[in-house]
Structures are given as C-alpha cells and as structure tokens.
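# Overview (structure and organization)
Chain by chain, the residues:
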Amino acid sequence: MPHFEVINQDGEVVTSEQLLGRKTIIYFYPKDNTSGCTAEACSLRDNYAALVAKGYNVVGVSKDSAASHRKFIDKYELPFTLLADTSTQMLQDFGAWGEKSMYGRKYMGVLRRTFIFDEQGVLTDIIEKVDTKNHASQILAL
C-alpha cells in the first residue's frame with residue numbers, strides 16, 4: 001500500500017499505517033453528491049455488514065473537502081470513513097488521477113478505481129471498471 005497521510009471527514013489525520021492489520025478496500029471516486037458516486041457509496045453502505053463479515057475495512061477517497069465528506073456521510077448515513085485528498089497526492093500515488101474526457105474536452109480528474117489490500121497492506125485486487133450500482137457485489141465476488 002502506498003504511504004499516505006490525509007484527513008478524514010472529521011479533520012483527523014489518517015495514515016496508511018493505521019490501516020494495516022485488516023483487509024482494506026480503498027475506493028476512489030470523483031465527487032460527493034453526484035449520481036454515480038452516490039450510487040457507489042450507497043451500494044457499499046447497503047452491503048456494509050457483508051463486507052465487514054468478510055473482514056473488510058472500507059475507505060472512500062476523493063479530492064472533496066472534509067466538510068463536503070461530512071455532509072455526504074450524514075446525508076446518506078454512510079458507515080465508513082471518507083478521506084479528503086485535496087492535494088491529489090494520494091490519488092496520484094495510487095494511479096487514480098489521470099486524463100479524462102467529457103464532450104471532447106480533455107482534463108485531469110479522479111479515475112474511479114477500487115484497490116483491495118490484505119492485512120499486511122499487500123495489494124490483492126484492483127477493480128478498474130466499477131459498476132457503481134453494484135460495486136459491493138463486485139467486491140464480494142472476488
């Protein structure tokens with residue numbers, strides 16, 4: 001797992017080292033409160049008990065602020081941590097920041113990807129084609 005040190009929805013510092021000891025799902029998404037990102041977060045929320053039963057810790061990451069994450073969590077009753085990578089350093093280190101295209105215009109943005117690590121922080125799976133509405137099922141099927 002690449003080293004990182006970013007703040008969560010409550011402004012508390014979270015480091016990669018703190019995630020060791022449990023299997024961890026780190027999912028990167030473009031923006032709080034957008035349709036696809038909300039569907040993805042709600043899929044993980046609705047299947048959170050099954051993910052936890054398999055030993056997973058769930059962490060979401062976008063470049064939104066901690067305050068935006070707090071509102072997103074409260075609005076949709078999300079039971080997991082969201083990290084605010086406002087500098088995009090973590091996104092870049094994980095390979096979740098890159099060129100995107102919309103209406104023929106190219107720009108840099110968050111690539112929707114999910115990384116799954118074992119208890120020692122070793123990468124076990126990457127999901128690059130995320131099905132936002134069924135994302136938990138994609139993970140549970142691994």
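In this report, the structure presented in the accompanying data block is examined.

What counts and what doesn't
Residues numbered from 1 in each chain as written. Predicted model: local features only at pLDDT ≥ 70, side-chain atom pairs only at ≥ 80, totals over all residues. Heavy atoms only, no water. Buried < 20%, exposed > 50% of the residue type's maximum accessible area, 1.4 Å probe, protein only. Helix = DSSP H or I, 4+ residues; strand = E, 2+ residues; numbered from the N terminus. Arc of directions from axis to C-beta. Contact = heavy atoms within 4.5 Å. Expected span 1.5 Å × (residues − 1). Pairing = 2+ DSSP bridges. Axes fitted to C-alpha atoms, helices over the stretch in contact; angles between N-to-C directions. Right-handed = clockwise from strand over helix to strand, strands pointing away. Disulfide = S-S within 2.5 Å.

### Some points on helix H3 (residues 66-76)
What H3 keeps buried is the set Ala 66, His 69, Phe 72 and Ile 73. End-on view of H3: buried residues confined to an arc of 120 degrees, all on one side of the axis. Relative to its buried face, H3 has exposed residues pointing more than 90 degrees away, namely Lys 71 and Lys 75. Looking at the buried positions of H3, the neighbouring elements they touch are strand E1 (5-8), helix H1 (35-46), strand E4 (56-62) and strand E5 (81-84). Looking one or two places after H3, you find Glu 77, whose phi comes out positive at around 50 degrees.

### Quick notes on H1
With twelve residues, H1 should reach 16 Å at 1.5 Å per residue; the first-to-last C-alpha distance of 16 Å fits that figure. Looking at H1, one finds that the buried residues are Gly 36, Cys 37, Thr 38, Glu 40, Ala 41, Cys 42, Ser 43 and Leu 44. In this fold, the buried residues of H1 make contact with strand E3 (23-28), helix H2 (48-53), E4, H3, strand E8 (113-117) and helix H5 (135-140).

### Observations concerning the sheet that holds E5
Spatially, seven strands are ordered E2-E1-E5-E4-E3-E8-E9 in an open sheet, and the strand pairing comes out mixed. Edge positions in the sheet fall to strand E2 (13-15) and strand E9 (123-127), since each has one partner strand and no second. Neighbouring strand axes in the sheet, compared pairwise and without regard to direction, differ in orientation by 30 degrees on average. As defined by bridge partners, E4 adjoins E5 across four bridges and the pair is classed as parallel. Counterpart to Val 61 in the pairing with E5 is Leu 83. Running over the sheet, H3 touches E1, E4 and E5 and is turned about 160 degrees from E5.

### Details of unusual backbone geometry
One non-glycine residue, Asn 33, lies in positive phi territory at about 65 degrees. Mapped onto the fold, Asn 33 is located in the loop between E3 and H1. Since its relative accessible area comes to 36%, Asn 33 is described here as partly exposed. Positive phi, normally seen in glycine, also occurs at Thr 88, with a value near 70 degrees. What makes Thr 88 buried here is its relative accessible area of 9%.

### Brief notes about the pairing of E4
Along E4, seven of the seven residues are buried, which leaves the element largely enclosed by surrounding structure. Neither face of E4 is exposed, since Tyr 56, Val 58, Gly 60 and Ser 62 on one face and Asn 57, Val 59 and Val 61 on the opposite face are all buried. Direction of pairing for E3 relative to E4: parallel, over a ladder of six bridges. Counterpart to Phe 28 in the pairing with E4 is Val 61. After leaving E4, the chain enters H3 and then returns to the sheet as E5, a path that is right-handed.

### Concerning the pairing of E5
Across two bridges, the pairing between E1 and E5 is antiparallel. Paired with Ile 7 across the two strands is Ala 84, which belongs to E5.

### Here we look at the state of the cysteines
Counted by the stated rule, this structure contains zero disulfides. Not engaged in a disulfide, the cysteine Cys 37 finds its nearest cysteine sulfur in Cys 42; these two sulfurs lie 11 Å apart. Among the residues examined, Cys 42 registers a relative accessible area of 13% and is labelled buried.

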